[in-house]
Amino acid sequence: MRRHELSDAEWSRIKPLLGSRSGPPSKRGDRDFINAVIWRVKTGVQWRDLPERFGHWKTVYNRFHRWAQTGRWEAIFKALRLPVDELGSLADASVVRAHQDASGGKGGSEAMLWGVLEEVFQQRFTPSQRRAVSRSTSR
């Protein structure tokens, strides 16, 4: 099994959801197609940059689009959803690092706050120098 591809356990949960297909049978099969979509989503590449082992990118995209319209992806994602551990769930394990200059003193000055507010709320246009002209009612 390659990186970013379905395991045998995941495939066994998805396979019954696929049902029957209309049209000609796929040359590469459903598992390779789903692996192509997962690979693309996990790596973040453009459709055109799919590796050739998955087939022509346009074929994969067209099939992906058809499945999205029919709601097949929603059923697949629900089947792959992990059970929630009520005692301890980890939602996000990412690390966010601040620049070394971000570790400043306490609070900061109010002068900076007022300067920012003045900048935000300053007038963005200059009023017209023309006088307001009233229409004459006489003919």
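Residues numbered from 1 in each chain as written. Predicted model: local features only at pLDDT ≥ 70, side-chain atom pairs only at ≥ 80, totals over all residues. Heavy atoms only, no water.

Scanning the protein from N- to C-terminus turns up five helices and zero strands. Beginning at the N terminus, the succession of helices and strands in the protein can be written as α-α-α-α-α. The burial tally for the protein puts 17% of its 139 residues in the buried class. (Helix = DSSP H or I, 4+ residues; strand = E, 2+ residues; numbered from the N terminus. Buried < 20%, exposed > 50% of the residue type's maximum accessible area, 1.4 Å probe, protein only.)

Let us now look at the layout of surface pockets. Counted as a void, the second largest pocket has a volume near 240 Å³. Lining the second largest pocket are 13 residues, and of these Ile 38, Val 41, Lys 42, Phe 77 and Leu 80 lie nearest its centre. For the lining of the second largest pocket, the secondary-structure elements that each account for two or more residues are helix H2 (30–43) and helix H4 (72–80). No other element matches H2, which puts five residues into the lining of the second largest pocket. Broken down by class, the residue content of the lining of the second largest pocket amounts to 10 nonpolar, no polar and three charged. (1 Å grid on protein atoms, 1.4 Å probe; cavity = no way out; pocket = protein on both sides within 12 Å on 5 of 7 lines; lining within 4 Å. Points joined across faces, edges and corners; volume = space filled by probe spheres on them. Nonpolar A, V, L, I, M, F, W, Y, C, P; charged D, E, K, R; others polar.)

Once that is clear, we can look at the pattern of salt bridges. A pair can form between side chains of opposite charge whenever their charged atoms are brought close. This model, assessed by the stated rule, comprises two salt bridges. Here Asp 8 and Arg 31 are joined by a salt bridge, their closest N and O atoms 3.0 Å apart. On the criterion of sequence distance, the pair formed by Asp 8 in helix H1 (residues 8–18) and Arg 31 in helix H2 is long-range, its members being 23 residues apart. Residue class for Arg 31 comes out partly exposed when judged on its relative accessible area of 24%. Here Asp 30 makes a salt bridge to Arg 63, at a shortest N to O gap of 2.0 Å. Residue Asp 30 is found in helix H2, and its partner Arg 63 is found in helix H3 (residues 57–70); the two are separated by 33 residues along the sequence. (Salt bridge = Lys/Arg side-chain N within 4 Å of Asp/Glu carboxyl O.)

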